[in-house]
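So the chains spell out like this:
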Amino acid sequence: MNSFELAARLRTVLPSNSVLHDTEDLKPYECDGLSAYRQLPMIVALPQTEEEVVEVLRICHASKTPVVARGAGTGLSGGALPHPKGVLLSLAKLKRILKIDPFARTAQVQPGVRNLAISEAAAPYGLYYAPDPSSQIACSIGGNVAENSGGVHCLKYGLTVHNILKLRVITIDGEILEVGGEGLDAPGYDLLALMTGSEGMLGVVTEVTVKLTPRPEKAQVVMAAFNDIRKAGNAVANVIAAGIIPAGMEMMDKITTQAVEEYVHAGYNLDAAAILLCESDGTTEEVAEEIERIGAIMNRSGATEIKASRDEAERLRFWAGRKAAFPAAGRVSPDYYCMDGTIPRKRLADVLSGIEALSSKYGLRCMNVFHAGDGNLHPLILYDANRPGELALAEEFGAQILQMCIKAGGTITGEHGVGIEKIDQMCSQFEASELEIFHAIKAAFDPEELLNPGKAVPALRRCAEHGAMHVHRGEEKFPELPRF
Amino acid sequence: MQYLIDQFADAIRMAAGRNAALHIRGGGTKDFYGNRMIKCGKPASVTHGSHDESEVNILDVASYAGVVDYEPTELVITACSGTRLADLEAELFKHGQMLAFEPPRFGSGATLGGCIATGLSGPRRASAGAARDFVLGVRMLDGKGDDLSFGGQVMKNVAGYDVSRLMTGSMGTLGVLLEVSLKVLPTPATELTLRFRMREAEAIEAMNKWAGKPLPISATCFCDGELTVRLSGAQPAVRAAHARLGGDEITGGGAFWESIREQTHLFFQGEKGGREDKGHNGDKGDKGDKETKGNTPNKDLWRLSIKSTTSPLVLPGKQLIEWGGALRWLIIDAADTDAEAVRSAVRQAASDAGGHAMLFRSDGPRTDVFHPLAPAMMKISRHLKEKFDPKGIFNPGRMYPQI
Ligand SMILES: Cc1cc2nc3c(=O)[nH]c(=O)nc-3n(C[C@H](O)[C@H](O)[C@H](O)COP(=O)(O)OP(=O)(O)OC[C@H]3O[C@@H](n4cnc5c(N)ncnc54)[C@H](O)[C@@H]3O)c2cc1C
Ligand SMILES: Cc1cc2nc3c(=O)[nH]c(=O)nc-3n(C[C@H](O)[C@H](O)[C@H](O)COP(=O)(O)OP(=O)(O)OC[C@H]3O[C@@H](n4cnc5c(N)ncnc54)[C@H](O)[C@@H]3O)c2cc1C
């Protein structure tokens, strides 16, 4: 079916203005938050109801047309990058909050609802939706489910997978799956977990029931400065060893604090090699005790300066710097490339010195912000896309960082997903037999590979071509495949 | 210990070659749980070709035991699936840490593999999360005998589909777990148990109302007109919460929660009274296994996992409520009731309350223990089973006859 026929067919189930076909209308959908990759879709479909989603998928299935779901397009791995011969299925119009049940502490929402909108709707009841990605004003809950997004508070409050109860999912053949339930578990295989983080490869989420958490009575943050990144890393371990699970624990290196300080005036110590923000929340009594203990641990761990926020305004100011890391990167450099590896925390110092070495090798600066509590690194590689070759260098630099994360016993992505960006690194992280299981899972839902084809899991052939393969127990991977 | 893995893989390949069933066995402590197993390989509905109907092989994984890696400050422990839960928990305890989902052991032989394969969680579940919430990674053998690793030892990992959590609660029907990495948490500095006299409806109301407030409640249990509540956390927080909630502090709180977790509480024995088993002590030793195994004969124990705010369920038998109202245990005299009528009434009540019902213990036929799946969900589940275990050798029928 050509694109005109397909558009006409889609217009039989959607209002005419919900099917976009002209190049200028398609343009806003050509990329997600990873703008280095751009591709126009053939058609954009904007259903407004679940029934319309079902109809669109049925048409695509019958005509063997690839479908890429899209929430708010803030993804950082190219997960929502359109397919040139496919339909981009935007869920943005499904943006109703269907129900807030304060007594059961749940919210039932459509996939296009913004993450922060849920917390805003729950606020009158003293409740909120705990996972708080930095993109929360913009990103959609459907995208959060597809990426299993986290936030700065996830060491204590969990990721998306820990905070959802139930999904409605439409499979590529238009069948409706009710996954999970209103209780705390569901019968059969845990498809709720399998769907979470599946990057739009298994089905389209049309409804999400999330858990709401009571807003803590009080939150307070300790800011500690260190003259050595190793000491800061040890301080994190010492906090955990003392039996404290902070509500948030974030680290920034010197180049980051300098970049953000200029921008938000958070009062950071600019000589410090690393700044640690460690938050406590809970009842007033609990927080008072914990903050005192955290301060003492920072002191023992060799902090050169320790400040506890004195009031809510100061707490927000301390956090403002951390939250401004991305925009600050955008201010100090024309472009930046955000990485997302996770490592066991004890390897932090090694990995950071490795990144420093790569930074001089590639001649590109790198800012490090770090979800220190759970080992999730976000190196921001600064580059200028207008300088020929710099993007390629930045990408190579990034790929090297991810290899380092794998070697350190970590992973290539903590929360941003594989998408199209890290597809080659998947070949390094997994064995052929493991990738085969991923393909088998995909085939259990979508045997014709129409949903988001080419993303998240590399074809075995691609891994052979990519070359940077993982040699495991001395064996070469895919010996049966030709080398290039 | 690679030789053990090679042995398991050989056993898998051999079973697959002959379409023979392989019953994965950890400690055998949860034999009571799940469907009685079918003795052949591929379930009849999906089988092609012939197989030996009488052949059942037991794959005993208890020998593959031991802690692989444990770094308390990383909050992660990795252990072999045959490791006894008691050993694992003792190791964590030494470092002031715990498995926060409080897995029931149901006997001293319980293994990590069995704990993850059944996916069961104890009293702390409503506040801390379930077994699946703490699983970070697994190493496993699939139906081809391939040695596979998914997830890892880090807190956040979204590379590839979440196979580790899919394995959790899959009753050993998708593969043999070799190693599991779990997130662990510090044990609370203080715990305090309070008791309130209340009617059932009041208790459900109170549990849900309190759960909506920032209170350090870590477990709840309602039985026989008494609501028992555990508070956990820093001393000042626990004290302040006690002052706010009121209630009588009870001694022996630890033993009470242990009796709920291990189902040694009199309620689970199907006897009148339903007060905690005072004589019980936490560490049962080997002889404890028999005592903890199930209720008195001819009692069926149902587990209903439903929306927490559901009003008292009107069903025959006696109930005990946990998880802030989200878990309702129902014990029914199986002998003098119409089993079919009870079964459908229980299932209906659970479905109506947004959840599901499972026949947790029974001396009856135990053929459809788990709540039926919607056809679309069963279709996907069967596809998954066929991919992981093409010859249908792993625990056939233990979960559903079709998988
Ligand atoms: C400044 C900035 C800060 C960020 N900070 C964080 C952070 O702190 N933590 C974090 O985890 N992420 C962060 N992100 C990444 C991003 O915001 C998250 O991945 C977010 O969940 C994506 O949501 P989205 O609605 O924009 O999804 P999109 O980008 O539109 O899509 C992401 C993926 O989800 C799929 N998808 C979308 N909706 C559906 C649906 N309804 N059904 C099925 N599949 C669907 C798409 O196909 C795609 O594969 C950040 C991004 C930016 C730009
Ligand atoms: C002597 C004896 C003979 C038996 N004979 C039969 C028989 O002929 N037919 C029959 O149907 N049953 C039989 N059973 C029961 C059967 O062995 C168990 O129900 C089943 O193997 C579950 O193991 P478990 O309860 O020991 O594991 P538990 O440790 O209690 O585990 C419970 C569940 O987890 C699974 N599991 C445990 N470890 C792993 C792992 N590492 N990877 C994946 N899954 C795992 C188990 O298969 C089971 O589903 C017998 C039991 C015994 C003690």
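Residues numbered from 1 in each chain as written. Chains lettered and ligands numbered in written order. Predicted model: local features only at pLDDT ≥ 70, side-chain atom pairs only at ≥ 80, totals over all residues. Heavy atoms only, no water.

(A) Focus on the site of ligand 1. All names here are of chain A. Taken together, 33 residues sit near ligand 1, with Ala69, Gly71, Thr74, Ser135 and Ser140 positioned nearest. Asn144 has a polar side-chain atom sitting 2.8 Å from an oxygen atom of ligand 1. A distance of 2.8 Å is found between an oxygen atom of ligand 1 and a side-chain nitrogen or oxygen belonging to Ser149. Relative to its free-state accessible area of 970 Å², ligand 1 is covered by the protein chains to the extent of 94%. If you list the elements that add at least two residues to the shell around ligand 1, you get strand 3 (67-70), helix 5 (141-147) and strand 10 (204-211). Class assignment of the residues belonging to the shell around ligand 1 gives a composition of 12 nonpolar, 17 polar and four charged. (Near = heavy atom within 4 Å. Polar contact = N/O pair within 3.5 Å; in protein donor to acceptor, adjacent residues only side chain to side chain. Areas by Shrake-Rupley, 256 points an atom, 1.4 Å probe, with all protein chains shown as cover. Helix = DSSP H or I, 4+ residues; strand = E, 2+ residues; numbered from the N terminus. Nonpolar A, V, L, I, M, F, W, Y, C, P; charged D, E, K, R; others polar.)

(B) The sheet that holds strand 17 (residues 366-371) of chain A, seen in detail. Residue and element names in this part refer to chain A. With antiparallel pairing, the seven strands of this open sheet are ordered in space as 15-12-14-13-17-18-16. Strands with a single pairing partner mark the edges of an open sheet, and in this sheet they are strand 15 (305-308) and strand 16 (335-338). The average angle at which neighbouring strand axes cross in this sheet is 15 degrees, direction not considered. Contacts from helix 10 (residues 284-300) reach strand 12 (218-226), strand 14 (274-282) and strand 15, with the element oriented near 160 degrees to strand 14. (Pairing = 2+ DSSP bridges. Axes fitted to C-alpha atoms, helices over the stretch in contact; angles between N-to-C directions. Contact = heavy atoms within 4.5 Å.)

(C) The arrangement of the sheet that holds strand 2 (residues 43-45) of chain A in detail. Residues and elements named next belong to chain A. Overall, mixed pairing links the four strands, which are arranged 1-2-4-3 in an open sheet. Only two strands of the sheet have a single partner each, and these edge strands are strand 1 (19-20) and strand 3. Two elements, strand 1 and strand 2, share two bridges in a ladder whose sense is antiparallel. Looking across to strand 2, one finds that Val19 is bridged to Ala45. In this fold helix 3 (residues 50-62) packs onto strand 2, strand 3 and strand 4 (87-90), with an angle of close to 165 degrees to the strand it touches most, strand 4.

(D) Local environment of the pairing of strand 12 (residues 226-233) of chain B. All names here are of chain B. Buried residues dominate strand 12, accounting for eight of its eight residues. Sheet topology places strand 10 (residues 190-197) next to strand 12; eight bridges connect them, and they run antiparallel. Bridged to Thr193 within strand 12 is Arg230. (Buried < 20%, exposed > 50% of the residue type's maximum accessible area, 1.4 Å probe, protein only.)

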